[in-house]
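Analysis of the macromolecular model
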Amino acid sequence: MEFDEGDAVVLNDKHSEFDGQVGKITQVVETMFGDETYVVSFDEGQEVGISPDQLDAAEGDEADEADEE
């Protein structure tokens, strides 16, 4: 799934301190191989280099929380 800047997403990465949290995509970065990675901002920081398979679209109340950031 592709995401755009400003999209609210849920991070799925058990190695991240932000696992399961809702954040907002602040930057889309294209790699030299043509793939896209994302910079996602959360209340307490950000994660860089997130692949699309680590993200789910936030829905309903979750998306509203990300918009408040």
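Residues numbered from 1 in each chain as written. Predicted model: local features only at pLDDT ≥ 70, side-chain atom pairs only at ≥ 80, totals over all residues. Heavy atoms only, no water.

In the annotation of an unreviewed UniProt entry, the entry for the protein reads DUF1918 domain-containing protein, and the organism field reads Halogeometricum borinquense.

1. A look at the pairing of strand β2 (residues 22-30)
To keep it simple, the criterion reads: Strands pair, by our definition, only if DSSP identifies at least two bridges between them. Numbering of helices and strands runs from the N terminus; a helix is a DSSP stretch of H or I covering at least four residues, while a strand is a stretch of E covering at least two.
The pairing of strand β1 (residues 8-11) with β2 spans three bridges and is classified as antiparallel. Across the sheet, the residue bridging to V9 is G23, located in β2. The pairing of β2 with strand β3 (residues 36-42) spans six bridges and is antiparallel. Each residue of the ladder has a partner; that of V29, found in β3, is T37.

2. Thoughts on the packing of aromatic side chains
To keep it simple, the criterion reads: Only centres within 6.5 Å qualify two rings of Phe, Tyr or Trp (six-membered ring in Trp) as a pair; their planes then separate them into stacked at under 30 degrees, edge-to-face at over 60, and tilted for everything else. Note on classification: 1.4 Å probe, protein chains only; a residue is buried when its accessible area is under 20% of the maximum for its type, exposed when over 50%, partly exposed between these limits.
Taken as a whole and assessed by the stated rule, the structure comprises two aromatic pairs. With a centroid separation of 5.8 Å and an interplanar angle of 80°, the aromatic rings of F3 and Y38 are classed as edge-to-face. Residue F3 is found in the segment before β1, and its partner Y38 is found in strand β3; the two are separated by 35 residues along the sequence. Of the residues examined, F3 reaches a relative accessible area of 3% and is grouped as buried. Judged by its relative accessible area of 0%, Y38 falls in the buried class.

3. Remarks on the environment of F42
For F42, the position within the fold is in strand β3. The exposure class assigned to F42 is buried, which follows from its relative accessible area of 6%. Considered as a pair, F42 and I25 are 17 residues apart in the sequence and their alpha carbons are 9.2 Å apart.

4. Concerning the sheet that holds strand β4 (residues 45-50)
As a reminder of what qualifies: Helix axes are fitted only over the stretch in contact, all axes being lines through C-alpha atoms; the angle between N-to-C directions runs from 0 to 180 degrees.
Spatial ordering of the open sheet is given by β4-β3-β2-β1-β5, a layout of five strands whose pairing is antiparallel. Each edge of the open sheet carries a strand with a single partner, namely β4 and β5 (55-57). The average undirected angle you get between the axes of adjacent strands in this sheet is 40°. Bridge analysis of β1 against β5 gives three bridges, and the strand direction is antiparallel. From the neighbouring strand, L11 faces β5, where its bridge partner is L55.

5. Describing the side chain of Q54
Our working rule: Two N or O atoms count as a polar contact when they lie within 3.5 Å, although within protein this holds only if one can serve as hydrogen donor and the other as acceptor, and sequence-adjacent residues are included solely when both atoms are side-chain atoms. Any two residues whose heavy atoms approach within 4.5 Å at even a single point are treated as in contact.
With respect to the helices and strands, the residue Q54 is situated in the loop between β4 and β5. Residue classification places Q54 among the buried residues on the basis of a relative accessible area of 19%. In this structure the side chain of Q54 is engaged in a polar contact, spanning 3.3 Å, whose partner is the side chain of D13. Once you skip the residues sitting within four places of it in the chain, Q54 turns out to touch V10, L11, N12, D13 and G49.

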